[in-house]
Structure formats: structure tokens, C-alpha cells
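These are the residues of each chain, in order.
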Amino acid sequence: MTETATSAEAYLDQGRALLTAGRLAEAQALAAKALSEHPGSAELWNLQAVLLRQGRRPAEALAAAERALALDPALRKAAANRANLLMDLGRPQEAAEAFGRLAAEEPDNGLFHDGQARALLRAGQVGPARAAMTRALRLTPAGAGAWLQLAALAQRQQGPEAALAVLEEGLGLSPDNSALLEGKATALRQAGRRTAARELLEDVLARHPDWAWPHFHLGDLLADEDRPAGLRHLRRALELQPNSVEHRLALVQALARAVGPDEGTCLDEAAELCAQIPPGAPLRPAQLKILRDVHARTCAFDAGDRLGDFKTLGRAFAAAGLHTAFLWQLARVRTAEDRRELVEQHRLWGEGAESRAARQPIARPARARGDRIRLGVVSADLRRHPVGYFAEPVFAHLQPDRFELFAYAFDRPRGDPMEAWFAERATFRRAPEASDREAAQIIADDGLDVLIELGGSTAGNRLEALAYAPAPRQASWLGYPHSSGLSAIEGFVCDALNAPTEPGLLLETPLTMPKSWIAMGASAFQGAPAIDARTPQERRGALTFGTANSPNKYTREVLRAWAGIVAQVPGARFAFVRPEAASQAFRARVSAEFAAAGVDAERIEFHPVRGAHLPWYETIDISLDTFPLTGGTTTVESLWMGVPVVSLSGAAFFERQGRSILTNAGLADLVAEDLEGYRRIALELAVDHDRRRRLRTGLRDQILAGPLGDTEGFAADFYDLIARWVG
């Protein structure tokens, strides 16, 4: 029986349906099959051009569009595709001419005028572009693309207020234009004007409750401050546009950031939503980061690997300005080449940030150097937070005869009592809605001699403000265990124990403290639970290894090393003290890795804890550190609770945090140089019950008697270091 041939029209319908459903790979395969059967179909060649463009293969797409026009010169959609592809390929003058011909043939088509305007803008011909974009917007609400492009150009060259002025001008021609209103909401958010953005979005939704984009933006805006409301809007956006990858991933991100009793359920839902994204769907670097973060937190190593290799992903993040994505990269370093590549990725990010800052330089008021050094610190974490605890000695032991201390926070206050403590000890400035440039100007106006950033690109911190060089000397300390990438940051506070073994692994000059790069502030462990003198092994009848480190630091090699150690100690257990322990996906994947080493699920303990985790160290005999990205705060916490830590040291700073902390706590012998040594130290400590019992009751005094506990000595060393650097 002969199979009935499929018509070109039927293939077109099927291909368009697959494309609408976001099933790009299937649509491309179908188009290839259809063209093999109907090579003379101009419509199919045009569909192929659309699919290739969606797959980010513009050169091949242009060839397909031109093949369609050769078959049917009157096929205007193919001509429009060709014009758009010329834009994609960086040929704006040719694109402007192509759109101009289309607009002349069909003068009432606003999209053709809009395309011509966008191409003219790209070619630098703003005057002619303005005439075309005005015609476009008068003809159709869909003709707003050039206005958005001009606003983006204004943003890059003059800042967010200039972008808003362009959008307001466009809204004057088309007051209820959806695209322009969304552009305005985006510009307000980028300018840090959250309140104005929220008011605009709520006003739009009052008039258009079934528009998806205001639900998306409002949900994203509210997700951290009012999670139920944020999730409600994000779910509604996805209901209205179920095939939108952007809306799906915004919901994923909000769910993954959830904290509280339903944290595990939310993380599992986020993981399920990630799995629903079609293979081959084109994703921007920011979207890849969202996926990657969820995969990391649920130990979905294979899915994470499929997102891209170390170099390709890292450079994409750098080009997109996504410094926050680099923390995951640190944990993926395997070789000396990876370490060097990681430095280059940070440098590329810094180059981009400084290029953006150079377009809108800040004013630097002249100031004569006084008798005292003006030292500023910028951080969103001067509160009950690890950064706050480690910064505390600098504030507690200020040397007012030598230094004036300034502190800057560009997040909203949290009502934390330590916030007030820090604010009382420095000239304190808070500006939560300031843009990066405005933040830099606030700092520059104080005429500092030195500025130290404490947070890298972690939540609420403003690393990009330092790209404007608001102080003549700038350094990094505490918050991020790697060079930031900014050439404007010249110094990096470390100590001789955690300084990289190769000079090229830091972009900055090492500012080397004589003993330790940190000391524990007096508030660090106030209220920490008392320690039972008996080891958990004595109380529970089995030795327990464990970790409180974030899964962002886990790799398959880490889990296998831990499982292998547990497997070699009869009856031993492993405890995960992490919020992710409430996730079924996390538990299943961790259990599978341990099972592969012969460790049954019954020997794994999952303690889903966020925040109040110190008491859970009472269940752990030995903490095993992550590698290559070693623990910092978690290592100090474990030691304070009388639990020794085994750490694996490497060449880069982020691989040597454990070395510094353990050595300064008098436990240098618990630092391994290779994986075999790591296993050996852990197994030797497992059978040395007497030592573990002594450490359990003696570690606190041991810490307080050493560099980690000498806050006054630390502060003196710190101020001397800064004074020498300033000169």
C-alpha cells in the first residue's frame, strides 16, 4: 500500500504549529523533510528561514529567505524576513533599503516603516529614523520596535532618564501602546525606581487585566518582598501565555528563591517547570543561569552539563553582564586551564562593565588629602549576616585618629538590630532606589581615599558602581572569593595562607594580612547552643559525617568522594543540613550518588533547615568540605560548634579558604593537598575518637586564643594594611 504524500500546505501547518508550541527542533526536522519533498515551495523555504533564525543561524536563514524570493519574488513575508536577517547579520544599511522598498510598496504597513526605522537607527541615522518611527506608530500599535530601540540607545548613551523621555514621547503618540508601556516599566525597574514601576504596572492591570506582560513584571518585582502576590502574578502570566519560556523561567526563578516551610515543594515545582522547557529552545544567558541555578540546587548534574561547556557558558555570562553566574563557575573548575579561563571570564565581564560606565562618567569633587584616611565600605550585608560578622571588628575597633569610616548600603533596611549598630559607627548612607551610576556618585561625593566592596555581586550589592571608580583606591574583601574582574578594583584582601599560588590567578594586587584575612566579630555566635561534651557517635551509636555547605558548591566528584568515605566506615552516616534537603529531587539524586558507592539511603540524613542550623552540628562528628570551591562561613561555624572540618586545598583563592581558616584555628593537619589525602585525613579522624572528643569541648577556646578570635589585633593589622596601601 502506497503512503499518501503530504502536501506543502500540510507541512506548513504542522511546522507553524510546532513553532508556536516552542518545539523548535521538531519543527526544523519537519521543514527539512518537507523541503526534500517540495523543493520548489517558496512558502516552505520561508518557513525554513524563520526556523533557522529562531535557532540563531542567521547566515543559513538568509540563504533560505533568498531562495524563497528567487522562487516567488512577490512573497513579501520572505522579503521582510530577509530584511530582518540583514539586521541580524550586522548589515543595517542594506536592511534599511530592503524595508524602505517594502514600505514604498505597502505604505500603510506600519511594521515595514518600523523595520526601516530600526535599521536606520542601527546605521546611526537617527534623523531619518525618527520620521519613519513616527509613521510606524501612527499606523499600528505594533510599530513600536524602533521607539524601544531608540530608548535602549538613549539608555546606553545617557542613562535611564533619557530612555524614559523617549518612551514618553512615543506614548504621547500612542498612549495605551502595550509595547511602549512595557518598555517604560522595564526602564523604571532598570533605573531602580521600584515604586514608580509598581504603580505603573498596577495601573495597566486595572485597565488590561488579561495582558500577560504586566503580570510578568509585577510578579517578578514582588517575588522577593511579597512572595504569594508575586507567584500569583507570575502564574497568571504563564496561564495567559503558556508557551512563553520567559514567563515560565520567571516563575521558576521566583519558586527557587522561596524560603519558608514550603521551600522544598517550591524547589521541586521549579525543577519540574525546567524539565518542561523544550530541548533546543533558544535561551538567553540570563535564562540559562536560572536553569543552571535550579539544576545546581537539585544536583541535576547531567542537565547542568547539557546547558553548555565551561568556557562557552562563562563567556556568555560575561558578555551578558551576569557576574552573579560566576559563583557556579567557581565550583566547576577542574584544571589549571579552567582557572586561567575563569580569570579571563571575569576580566571580560569587567571590561564590559567599565565600558558601560565610561559612557556616563560621574563627577569627582576635588578634595585635598586630610590628616585622616577616608575609608568607605559598600555592602548590603552590614547586619546579622556572615559578611557583617566578619566586618564587625573593623567597626568595633575603629582608629578615629587615623581613619574616617563611611558605609554605603543600596538595599532596603531589614529592621535588623545590627544595622543600627553599624550605622552608629560610621557615616552611613542608604539609597535603595539609586542606580549604579547614582550610587557611584553618592560615594564619590564623600571624597574617599579608599573604598572596599564587601559583597561582590551577591544580592543587594552594587559591584558595578565601582566600575565608575568613585574612589581613587578600591579593593575587594569578604563577599566574593575571586577577582571581581574590574580593573578599577586594584586590591584584594587575603592572607599568606589563602593567597593564590600563581600570581595570574588574581587580577588585583594581593593586600596580604599578616595572620588571617578574617576574625570573628563578637556578635558572630551570640546565642550559639552549648556543646554536649559527648560526641554524636557516643550519643547515637554511629559516626556521622556531614555538611551545611550550599549545593551550588557540589559536584558529582564531591558527592562521590563523600559517599566513598562513608562507605569505608562501617555503619557511618552522612547528614545534609540544608534547606534543599526538603526537596524530593535533591534527596533522590543525592541518594542515587551515595547508592552507587554502596551507601544505603537509610544512612543519609536530610535536615531541611534554613537559618537556625547551628544546633544540627550536634548531630555531626566530622564536616567534609566542598571542593574546589571551599567553605568559608560554614567552616568557621562548624569549628565553633566543636566539629572538625576536612578540607581540600588548591591553587586559587576560592580553593584555599579552608586552608586559612583551619590553619588559623590550629588545625593545619586537616588540610589535604589532593583527593587521596582528603580521604585519608577523613578516615584517620574517623577512628581518632579521643581527638574528636577533645576538639568538641576545646575548639572554642582554641579559636578565641588564635588569630580568628583576636578582633582587636585583626583590626589593627587591617588598618595598618590600608594605611600602607594608601601611602
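Note that the structure is predicted; figures quoted are calculated from it, not measured. (Residues numbered from 1 in each chain as written. Predicted model: local features only at pLDDT ≥ 70, side-chain atom pairs only at ≥ 80, totals over all residues. Heavy atoms only, no water.)

Looking at this structure, how should I read the overall build of the protein?
Scanning the protein from terminus to terminus reveals 32 helices and 13 strands. Compactness check: the protein gives a C-alpha radius of gyration of 29 Å against a globular reference of 27 Å for 727 residues, within 12% of the reference. In terms of overall dimensions, the protein has C-alpha extents of about 85 × 80 × 50 Å along its principal axes. Out of the 727 residues belonging to the protein, those deemed buried represent 57%. (Helix = DSSP H or I, 4+ residues; strand = E, 2+ residues; numbered from the N terminus. Rg over C-alpha atoms; globule rule 2.2 N^0.38 Å. Buried < 20%, exposed > 50% of the residue type's maximum accessible area, 1.4 Å probe, protein only.)

Could you clarify how one ought to interpret the pairing of strand β8 (residues 544-547) in this entry?
Side chains T544 and G546 of β8 all project onto a buried face; the interleaved residues F545 and T547 project onto the opposite face, where all are buried too. Bridge count between β8 and strand β9 (residues 573-577): 4 bridges; the pairing is parallel. Counterpart to F545 in the pairing with β9 is F574. A crossover connection joins β8 to the parallel β9 through helix α26 (residues 556-567); in handedness this β-α-β unit is right-handed. Taken together, the 2 bridges between β8 and strand β11 (residues 622-624) define a ladder with parallel strand orientation. Paired with F545 across the two strands is I622, which belongs to β11. (Pairing = 2+ DSSP bridges. Right-handed = clockwise from strand over helix to strand, strands pointing away.)

Teacher, can you tell me more about the environment of Q28 here?
With respect to the helices and strands, the residue Q28 is situated in helix α2 (residues 24-37). Here the alpha-carbon distance between Q28 and A686, two residues 658 residues apart in the chain, equals 57 Å. Excluding residues within four positions of it along the chain, Q28 makes contact with L51, G55 and R57. (Contact = heavy atoms within 4.5 Å.)

Just checking my understanding: could you explain the packing of aromatic side chains for this structure?
For any two aromatic rings, the description comes down to two numbers: the centre-to-centre distance and the angle of the planes. Going through the model one piece at a time under the given rule, you end up with 23 aromatic pairs. Ring centres of W421 and F422 lie 5.0 Å apart, and the angle between their planes is 90°; this geometry places the pair in the edge-to-face category. By relative accessible area, W421 is classed as partly exposed at 22%. F422 gets classed as buried once you look at its relative accessible area, which sits at 0%. (Phe/Tyr/Trp six-rings, centres within 6.5 Å; stacked < 30°, edge-to-face > 60°.)

How should the side chain of H346 be read in this particular structure?
Residue position: H346 is located in helix α21 (residues 336-358). Relative accessible area serves as the criterion here: at 0%, H346 is assigned to the buried category. Among the polar contacts made by the side chain of H346, one reaches the side chain of Y480 at a distance of 2.6 Å. Those residues within four positions of H346 in sequence are excluded, and the remaining contacts are H323, F326, L330, Y480, H482, S483, S484 and G485. (Polar contact = N/O pair within 3.5 Å; in protein donor to acceptor, adjacent residues only side chain to side chain.)

Would you explain the state of the cysteines in this entry?
Two cysteines whose sulfur atoms are joined by a covalent bond form what is called a disulfide. Scanning the entire structure with this criterion turns up 0 disulfides. In this structure C274 is a free cysteine whose sulfur lies 13 Å from that of C266, the closest cysteine sulfur available. For C274, a relative accessible area of 7% puts it in the buried group. Distance from the sulfur of C299, which forms no disulfide, to the nearest cysteine sulfur (C274) is 14 Å. Given a relative accessible area of 3%, C299 falls into the buried group. (Disulfide = S-S within 2.5 Å.)

Mind showing me how you'd approach the sheet that holds β8 here?
The strands making up a sheet associate through hydrogen bonds between their backbones, and the pairing can be parallel or antiparallel. Judged by pairing direction, the sheet is parallel, and its 6 strands sit side by side in the order β10-β9-β8-β11-β12-β13 without closing on themselves. One side of each edge strand has no neighbouring strand; the edge strands of this open sheet are β10 (604-607) and β13 (671-672). Here β11 runs beside strand β12 (residues 645-648); their pairing, made up of 2 bridges, is parallel. Among the inter-strand pairings, S623 is bridged to a residue of β12, identified as V645. Against the sheet, helix α30 (residues 675-687) engages β8, β11, β12 and β13, with an angle of about 170° to β12. (Axes fitted to C-alpha atoms, helices over the stretch in contact; angles between N-to-C directions.)

Could you clarify how one ought to interpret the nonpolar core in this entry?
Counting 103 residues, the largest nonpolar core has I452, W477, F545, W562, F576, F594 and L624 as its most contacted members. When neighbours within four sequence positions are excluded, F594 is seen to be in contact with L559, W562, A563, V566, F574, F576, V599 and I604. (Core = buried A, V, L, I, M, F, W, Y, C linked by side-chain atoms within 4.5 Å.)

So what exactly am I meant to see when it comes to the packing of helix α5 (residues 76-88) against helix α7 (residues 110-122) here?
Geometry of a packed helix pair, given as the angle between the helix axes and the separation of the axes. At their nearest, the axes of α5 and α7 sit 11 Å apart, and the two run at 20° to each other. For the element pair α5 / α7, the angle class is roughly parallel. Along this stretch, α5 crosses α7, giving a crossing that reads as left-handed. Residue-level contacts link A80, N84 and M87 of α5 to F112, R118, A119 and R122 of α7. Classifying every residue of the contact of α5 with α7 gives 4 nonpolar, 1 polar and 2 charged. (Parallel < 35°, antiparallel > 145°, perpendicular 65-115°, else oblique. Left-handed = near helix turned anticlockwise from the far one by under 90°. Nonpolar A, V, L, I, M, F, W, Y, C, P; charged D, E, K, R; others polar.)

Whenever I open this one, α26 confuses me. Can you help?
Because an α-helix packs 3.6 residues into every turn, residues spaced three or four apart end up facing the same way. Over its 12 residues, α26 runs 16 Å from end to end, which matches the ideal 16 Å to within 8%, given 1.5 Å per residue. Taken across its 12 residues, α26 has 9 buried, putting it largely inside the fold. Along α26, the residues classified as buried are R556, V558, L559, A561, W562, A563, G564, I565 and V566. Those residues of α26 hidden inside the fold are in contact with α18 (301-306), β8, β9, α27 (584-596), β11 and α30. (Expected span 1.5 Å × (residues − 1).)

Sorry if this is basic, but what is going on with the pairing of strand β3 (residues 427-430) here?
Sheet topology note: the strand β2 (residues 403-409)/β3 ladder contains 4 bridges and is parallel. The residue bridging F406 from the neighbouring strand is T427, located in β3. With helix α23 (residues 417-424) bridging β2 and its parallel neighbour β3, the resulting β-α-β unit is right-handed.

Sorry, what's going on with the packing of helix α17 (residues 285-297) against helix α19 (residues 310-319) here?
Viewed as axis vectors pointing N to C, α17 and α19 meet at an angle of 125°, and their least axial separation amounts to 9 Å. Of the possible angle classes, the one that applies to α17 and α19 is oblique. You can see that α17 and α19 cross each other, and the crossing is left-handed. Two secondary-structure elements touch here, α17 through P285, L288, K289 and R292 and α19 through L313, A316 and F317. Among the residues forming the contact of α17 with α19, the class breakdown is 5 nonpolar, no polar and 2 charged.

How do you make sense of unusual backbone geometry when you look at a structure like this?
Of all residues except glycine, most have a negative phi; of all peptide bonds, most are trans. Each neighbour pair has its own omega, and for F627 with P628 the value is 5°, a cis peptide bond. Counting through the fold element by element, P628 comes out in the loop between β11 and α28 (633-640). One non-glycine residue with positive phi stands out, namely R56, at about 60°. Structurally, R56 can be placed in the loop between α3 (42-54) and α4 (58-71). One non-glycine residue, A469, lies in positive phi territory at about 50°. Tracing the chain through its elements places A469 in the loop between β4 (450-453) and β5 (473-476).

Can you help me understand the pattern of salt bridges in this one?
A side chain with one charge can pair with a side chain of the opposite charge if their charged atoms come near. On inspection of all chains with the given rule, the structure shows 66 salt bridges. Where D220 meets R189, a salt bridge forms, and the shortest distance between an N and an O atom there is 2.9 Å. Linking D220 in helix α13 (residues 212-222) with R189 in helix α11 (residues 178-190), this pair joins segments that are 31 residues apart in sequence. Note that D210 is salt-bridged to R236, the shortest N-O span being 2.9 Å. Residue D210 is located in the loop between α12 (194-207) and α13, and its partner R236 is located in helix α14 (residues 227-240); the two are separated by 26 residues in the primary sequence. Judged by relative accessible area, R236 falls into the partly exposed class, the value being 27%. (Salt bridge = Lys/Arg side-chain N within 4 Å of Asp/Glu carboxyl O.)

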